[in-house]
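The chain contents come next:
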Amino acid sequence: MESLEEALLAARACRLCESSLPLPPRPVLRAATSARIVLIGQAPGLRVHETGIPWNDASGDRLREWLEMDRQLFYDETKIAIIPMGFCYPGKGKSGDLPPRPECAPHWHPRLRAALPQVRLALLIGSYAQAYYLKGSRSNSLTETVKNFKQFLPDYFPLVHPSPRNKLWLKKNPWFEREILPALRKKVRAALAA
């Protein structure tokens, strides 16, 4: 069986979709075999691509606020693995960044997830992660999937993406902060304590 170190080394050297990327590949992910939580988001934005630090942007600031987690814990890969659906910056679209490249998750996630035996909880951040991991069990809309998070526990916790572009969604759905965030924080604390 492939070790996590071998899988990470191979993933960081990946050039699978190089011809479709606007910039040279720079896979951004992190993990350790002891990680208890895995964050599965979309794909790095331009700032993350430039710095090589996942969630190093306004979305990451909001996500850390939701998790009540400081940067030190958030970036402690011995506790938190960060494996997005796409490892490289996909480029700009009409209304934000393009979707994660479709080749990435099917090629890399099974290998990486198999090498993370201690993971107790996967946060599925946004519709791409939910579509891939929840397949037919998710609701017809992201809102309903997030609202019905309990049906995906104990393995998965679906979340809306913390992008500043989702301010309107958060305003229209006050139940998210009132009901979902306390449950999320409780599950995250439990997974880290396990």
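See the structure printed just above.
Residues numbered from 1 in each chain as written. Predicted model: local features only at pLDDT ≥ 70, side-chain atom pairs only at ≥ 80, totals over all residues. Heavy atoms only, no water.

A closer look at the overall build of the protein
A tally of regular secondary structure across the protein gives nine helices and six strands. In terms of overall dimensions, the protein is globule-like: its C-alpha atoms have a radius of gyration of 16 Å, near the 16 Å expected for 194 residues. Reported as C-alpha extents along the three principal axes, the dimensions of the protein are approximately 40 × 40 × 35 Å. Here the protein holds 194 residues, and the buried ones make up 48% of them. Charged side chains of the protein number 29 positive and 18 negative; the gap between the two group centres comes to 5 Å. (Helix = DSSP H or I, 4+ residues; strand = E, 2+ residues; numbered from the N terminus. Rg over C-alpha atoms; globule rule 2.2 N^0.38 Å. Buried < 20%, exposed > 50% of the residue type's maximum accessible area, 1.4 Å probe, protein only. Lys, Arg positive; Asp, Glu negative; His and termini not counted. Charge placed at Lys NZ, Arg CZ, Asp CG, Glu CD.)

Some points on unusual backbone geometry
In terms of backbone geometry, most residues other than glycine have negative phi values and most peptide bonds are trans. Note the cis peptide between Leu153 and Pro154, where omega equals 15°. With respect to the element layout, Pro154 can be found in the loop between helix H7 (142-147) and strand S6 (156-159). The phi torsion at Lys135 lies on the positive side, around 40°, for a residue other than glycine.

Remarks on the environment of Ile80
Looking at where Ile80 falls in the secondary structure, it is placed in strand S2 (residues 80-82). In this structure, the C-alpha to C-alpha distance between Ile80 and Leu39, residues 41 residues apart in sequence, is 7.3 Å. Beyond its immediate sequence surroundings of up to four residues, Ile80 is in contact with Ala35, Ile37, Leu39, Met69, Leu73, Phe74 and Leu192. (Contact = heavy atoms within 4.5 Å.)

Considering helix H5 (residues 104-114)
Burial in H5 covers these residues: Cys104, Ala105, Trp108, His109 and Leu112. Looking straight down H5, one finds that the buried residues subtend no more than 105° of arc, so they occupy a single side. In this structure, the buried side of H5 is in contact with helix H1 (4-12), strand S1 (37-40) and helix H6 (127-134). (Arc of directions from axis to C-beta.)

What to know about the packing of H1 against H5
Contact geometry for H1 and H5: axes closest at 9 Å, N-to-C directions at 155°. Here H1 lies roughly antiparallel to H5, going by the angle between them. Crossing angle aside, the handedness with which H1 passes H5 is left-handed. Counted together, Leu4, Ala7, Leu8, Ala10 and Ala11 of H1 and Trp108, Arg111 and Leu112 of H5 form the full contact between these two elements. Partitioning the contact of H1 with H5 into residue classes produces seven nonpolar, no polar and one charged. (Axes fitted to C-alpha atoms, helices over the stretch in contact; angles between N-to-C directions. Parallel < 35°, antiparallel > 145°, perpendicular 65-115°, else oblique. Left-handed = near helix turned anticlockwise from the far one by under 90°. Nonpolar A, V, L, I, M, F, W, Y, C, P; charged D, E, K, R; others polar.)

A closer look at the pairing of strand S5 (residues 121-125)
Counting buried positions over the five residues of S5 gives five, a clear majority of the element. With burial as the criterion, each face of S5 is covered, one bearing Leu121, Leu123 and Ile125 and the other bearing Ala122 and Leu124. Both S1 and S5 contribute to a ladder of four bridges, which runs parallel. Among the inter-strand pairings, Ile37 is bridged to a residue of S5, identified as Leu121. Across four bridges, S5 lies against S6 in parallel orientation. (Pairing = 2+ DSSP bridges.)

Details of the sheet that holds S2
The strand order S2-S1-S5-S6 describes an open sheet built from four strands, whose pairing is parallel. Two strands lie at the open edges of the sheet, namely S2 and S6, each paired on one side alone. When the angles between neighbouring strand axes are averaged without regard to direction, this sheet yields 20°. Relative to S6, helix H9 (residues 175-193) is tilted by about 145°, and along the sheet it contacts S1, S2, S5 and S6.

Considering H6
Every buried residue belonging to H6 is among Ala129, Gln130, Tyr133 and Leu134, and all of these are buried. Along the axis of H6, the buried residues cluster in a sector spanning 100°; they form a single face. Against S1, H5, S5, H7 and S6 lie the buried residues of H6. A positive phi of about 40° marks Lys135, the residue just after H6.

Some words on the side chain of His49
Within the secondary structure, His49 is located in helix H2 (residues 46-51). On the basis of relative accessibility, which here comes to 11%, the residue His49 falls in the buried class.

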